[in-house]
Amino acid sequence: MARKETTSTSTQGAVLKSTGNTPVQPALTSLRGVGDWREAALWLRTRGIEDIECITPDLAGVPRGKMMPSSKFTSNTSLALPSALYRHTISGEYPDETGSFRYEPRDSDLKLVPDLSTISVVPWETDPTAQVICDVVGTSGESVPYTPRAVLKNVVELYRERGWRPVVAPEIEFYLVAKNDDPDYPLHPPRGRSGRAILGGQGYSIAGINEFDELIDDIYHFSEKQGLEIDTLIHEEGPAQLEINLRHGDPIELADQVFMFKRTIREAALKHGIYATFMAKPMQGQAGSAMHIHQSVIDVETGRNIFSNEDGSPSQEFFHFIGGMQNYVPKALVMMAPYVNSYRRLTPDMAAPVNNAWGYDNRTTAFRVPVSDAAARRVENRLPSSDANPYLALAASLGCGLLGITKGLEPEPPTEHTANEGTIDLPRGLLEAVSELEAEPALAEVFGKEFIGLYAGVKRGEFETFMQVISPWEREFLLLNV
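This structure is a prediction, so every number in the text was calculated from the model and none was measured. (Residues numbered from 1 in each chain as written. Predicted model: local features only at pLDDT ≥ 70, side-chain atom pairs only at ≥ 80, totals over all residues. Heavy atoms only, no water.)

Enquirer: Account for the overall build of the chain, naming residues and giving values.
Expert: Within the chain one finds 14 helices and 17 strands. For the chain, the C-alpha atoms occupy an extent of roughly 85 × 60 × 55 Å along the three principal directions. Buried positions account for 54% of the 482 residues belonging to the chain. Surface summary for the chain: the accessible area is close to 22,300 Å², and the carbon and sulfur share equals 50%. (Helix = DSSP H or I, 4+ residues; strand = E, 2+ residues; numbered from the N terminus. Buried < 20%, exposed > 50% of the residue type's maximum accessible area, 1.4 Å probe, protein only. Areas by Shrake-Rupley, 256 points an atom, 1.4 Å probe, with all protein chains shown as cover.)

Encoded structure:
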């Protein structure tokens, strides 16, 4: 008699097959993640993995870490990084100590602790290579609260303490640009399969996507190999500007996915001889790139969306969440718009909100409530730019909403008309945004004083570096006129 074959699905989405009473090990089929070190060794061995990259996001969201042979990875090797890693700017400089920004006196080690639920292959490498995202702890195993993953985990824990579970769905915009080896020259869109550079105004154009068919196929292929799930992909308004939407889920898992997607998209673009950039405003006169965040909150015990009452009407928590967003997001904006360039996106008439208004299905507002049924009621934060560290952007957005709920903040009435006319209700530049973050005591309650002091010091250091560069505007208008 033939033995019956059965199937089941792992938490990572891989289909497992078993014959009779002998199930196949999950580690053999899981595309992303294993349960323990024994499974990790099996997962690496069955795939012939030679090297593994142990990576973690720095304050900018740049992957940092170490590479090692897979045999060493599974032999209880201690992985360490210097604490100064979280005190340098995006250009690699170390700012002077000022105010609450201080260096650790000994620049002592921090330890990388692999999160085995994130292990996956690195599909663009020629040799069999894997990658795993790591948490960062002190040498005695204590939490390091200023690291980006820890900041987000702390915000999620604040929800959990109230019996709630936040749910998010990010949308990430980015540009494809022709290779540019001289930063003094402006960026230009690349040539597509037609041989011509694509123009702007191609929102939702299928032809615009088809111009880069082979590149997009590689993005899907690389993503599938890593167990990353893309919901939809569209062409946005800018020339060769694309947007990837991710399925809703746990904030930490989704931040991990954005972290990995950025790396994946860059690698796929390089394979085709072009760049993918997540700069907020890479091309003058064109739309900027956002990272919109859809947010809802689930009651863990009942599974109910707390933004909706049992009769389907919007709840008090829903309105208070929006009240928190309106009150605190402008003060935490530097966590969602972290660079000088980010504020070039937040300008009138450029398809980005410059307000803290909210409205129903109103894309001109900072906080949009999409059309949905009661179970899917959510708030979309349209302010974050795609250059933001996803862990910090999600932490900031969810933290501000939670403050609104816990403090019972009422929102302003919803905006029914265009909200981008009139005054700009946001910080207009990096230094102003940093000062707003430091001046709000409630944000320190959520994100921690140590993180805010460190982050503010790094951002001020980046601004000083920017001020050393003379721009083309200054040469054009000041050289002979002043």
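Enquirer: Give a description of the confidence of the model for the chain that names residues and reports values.
Expert: On average, the chain scores 91 in pLDDT, and the residues at 70 or more come to 93%. Contacts for the low-pLDDT stretch residues 1-20, under 50 throughout, to residues beyond four places or in other chains number 31 contacts. (pLDDT = per-residue confidence, 0-100. Contact = heavy atoms within 4.5 Å.)

Enquirer: How would you summarise helix α10 (residues 390-407) if you had to cite specific residues and measurements?
Expert: Given a rise of 1.5 Å per residue, 18 residues ought to cover 26 Å, and the 26 Å separating the end C-alpha atoms of α10 matches this to within 8%. Of the residues flanking the start of α10, the one acting as N-cap is Asn-389, its side-chain oxygen 3.0 Å from the backbone nitrogen of Tyr-391. Looking one or two residues beyond α10, the residue adopting positive phi is Gly-408, at roughly 65°. (Expected span 1.5 Å × (residues − 1). Polar contact = N/O pair within 3.5 Å; in protein donor to acceptor, adjacent residues only side chain to side chain.)

Enquirer: I'd love a proper account of the environment of Glu-432, names of residues and values included.
Expert: Checked against the element boundaries, Glu-432 lands in helix α11 (residues 430-439). Setting aside residues up to four positions removed in sequence, Glu-432 forms contacts with Leu-426 and Pro-427.

Enquirer: Before we move on, could you go through the nonpolar core and cite the residues and values that matter?
Expert: If you look at the biggest cluster of nonpolar residues, it comprises 125 residues, and the most contacted ones within it are Leu-176, Leu-346, Leu-443, Phe-447 and Phe-451. Those residues in contact with Leu-443 that sit more than four places away from it in its chain are Tyr-328, Lys-331, Ala-332, Cys-400, Leu-403, Leu-437, Gly-448 and Ile-452. With 5 residues, the next largest nonpolar core counts Tyr-175, Leu-187, Met-283 and Ala-287 among its residues. (Core = buried A, V, L, I, M, F, W, Y, C linked by side-chain atoms within 4.5 Å.)

Enquirer: Mind laying out the pattern of salt bridges, listing which residues take part and the relevant values?
Expert: One pass over the structure, following the stated rule, counts 16 salt bridges. Between Arg-368 and Asp-361 there is a salt bridge, with the nearest N and O atoms lying 3.0 Å from each other. In this structure, Glu-438 and Arg-460 form a salt bridge, with 2.7 Å as the shortest nitrogen-oxygen distance. Of the two residues, Glu-438 sits in helix α11 while Arg-460 sits in helix α13 (residues 449-466), which places them 22 residues apart along the sequence. On the accessibility criterion, Arg-460 (30% relative accessible area) is partly exposed. If you follow the salt bridges from partner to partner, you end up with Asp-115, Asp-135, Arg-149, Lys-153 and Asp-256 in one network. (Salt bridge = Lys/Arg side-chain N within 4 Å of Asp/Glu carboxyl O.)

Enquirer: Tell me what's going on with the packing of helix α4 (residues 148-160) against helix α7 (residues 251-271), and back it up with residues and numbers.
Expert: For any two helices packed against each other, the geometry is given by the interaxial angle and the distance between the axes. Here α4 crosses α7 at 155°, and the two axes come no closer than 10 Å. Overall, the two elements α4 and α7 adopt an arrangement that is roughly antiparallel. Considering only the axes of α4 and α7, their crossing is right-handed. Facing Arg-149, Leu-152, Lys-153 and Val-156 of α4, the residues of α7 in contact are Pro-251, Ile-252, Ala-255 and Asp-256. Among the residues making up the contact of α4 with α7, the classes are represented as 5 nonpolar, no polar and 3 charged. (Axes fitted to C-alpha atoms, helices over the stretch in contact; angles between N-to-C directions. Parallel < 35°, antiparallel > 145°, perpendicular 65-115°, else oblique. Left-handed = near helix turned anticlockwise from the far one by under 90°. Nonpolar A, V, L, I, M, F, W, Y, C, P; charged D, E, K, R; others polar.)

Enquirer: Lay out the packing of aromatic side chains in plain terms, naming residues and giving numbers.
Expert: Tallying each qualifying case throughout the model produces 16 aromatic pairs. Ring plane angle 50° and centroid distance 6.4 Å describe the contact between Tyr-94 and Tyr-103, whose orientation is recorded as tilted. Ring centres 5.7 Å apart and planes at 65° place the aromatic pair Trp-124 and Phe-222 in the edge-to-face group. One end of the pair, Trp-124, is in the loop between β8 (120-121) and β9 (129-137); the other, Phe-222, is in helix α6 (residues 213-225), and 98 residues separate them in sequence. The buried category is assigned to Phe-222, whose relative accessible area is 4%. An aromatic cluster is built from Phe-307, Phe-318, Phe-319, Phe-321, Trp-358 and Tyr-360, whose rings are joined through pairwise contacts. Note that Arg-87 overlies the ring of Tyr-146, its terminal NZ or CZ placed 5.0 Å from the centroid. Cation over ring: Arg-377 sits above Phe-318, and NZ or CZ is 5.8 Å from the ring centre. (Phe/Tyr/Trp six-rings, centres within 6.5 Å; stacked < 30°, edge-to-face > 60°. Lys NZ or Arg CZ within 6 Å of the ring centre and 35° of its normal.)

Enquirer: So what about the side chain of Asn-180? Which residues, and what values?
Expert: If you trace the backbone, Asn-180 turns up in the loop between β10 (164-178) and α5 (206-210). Within polar-contact distance, the side chain of Asn-180 engages the backbone oxygen of Tyr-185 at 3.1 Å. Not counting the four nearest positions on each side in its chain, Asn-180 is found in contact with Tyr-185, Pro-186, Leu-187 and Tyr-275.

Enquirer: Which residues make up the packing of α4 against α10, and what are the values?
Expert: Taken N-terminus to C-terminus, the directions of α4 and α10 make an angle of 25°; their axes are 8 Å apart at the nearest point. Classified by the angle their axes make, α4 and α10 are roughly parallel. Viewed along their axes, α4 and α10 form a crossing whose handedness is left-handed. Counted together, Pro-148, Arg-149, Val-151, Leu-152, Val-155, Leu-158 and Tyr-159 of α4 and Tyr-391, Leu-392, Leu-394, Ala-395, Leu-398, Gly-399, Gly-401 and Leu-402 of α10 form the full contact between these two elements. Tallied by class, the residues present in the contact of α4 with α10 amount to 12 nonpolar, 2 polar and 1 charged.

Enquirer: Break down a nonpolar patch on the surface for me, with residues and values.
Expert: A grouping of Trp-473, Phe-477, Leu-478 and Val-482 is seen on the molecular surface, where their side chains present a nonpolar patch of about 440 Å² in accessible area. Along the chain, Val-482 falls in the segment after α14 (472-477). The exposure class of Val-482 is exposed, given its relative accessible area of 79%. (Patch = residues over 30% accessible without salt bridge, like charges linked within 9 Å, V, L, I, M, F, W, Y side chains within 5 Å.)

Enquirer: Residues and numbers for the environment of Asp-311, please.
Expert: Examined against the element boundaries, Asp-311 turns out to sit in the loop between β14 (291-299) and α8 (316-328). Classification of Asp-311 by relative accessible area gives exposed; the value is 65%. Separated by 63 residues in the primary sequence, Asp-311 and Ala-374 place their C-alpha atoms 8.7 Å from one another. In terms of polar contacts, Asp-311 uses its side chain to reach the side chain of Ser-313, at 2.6 Å.

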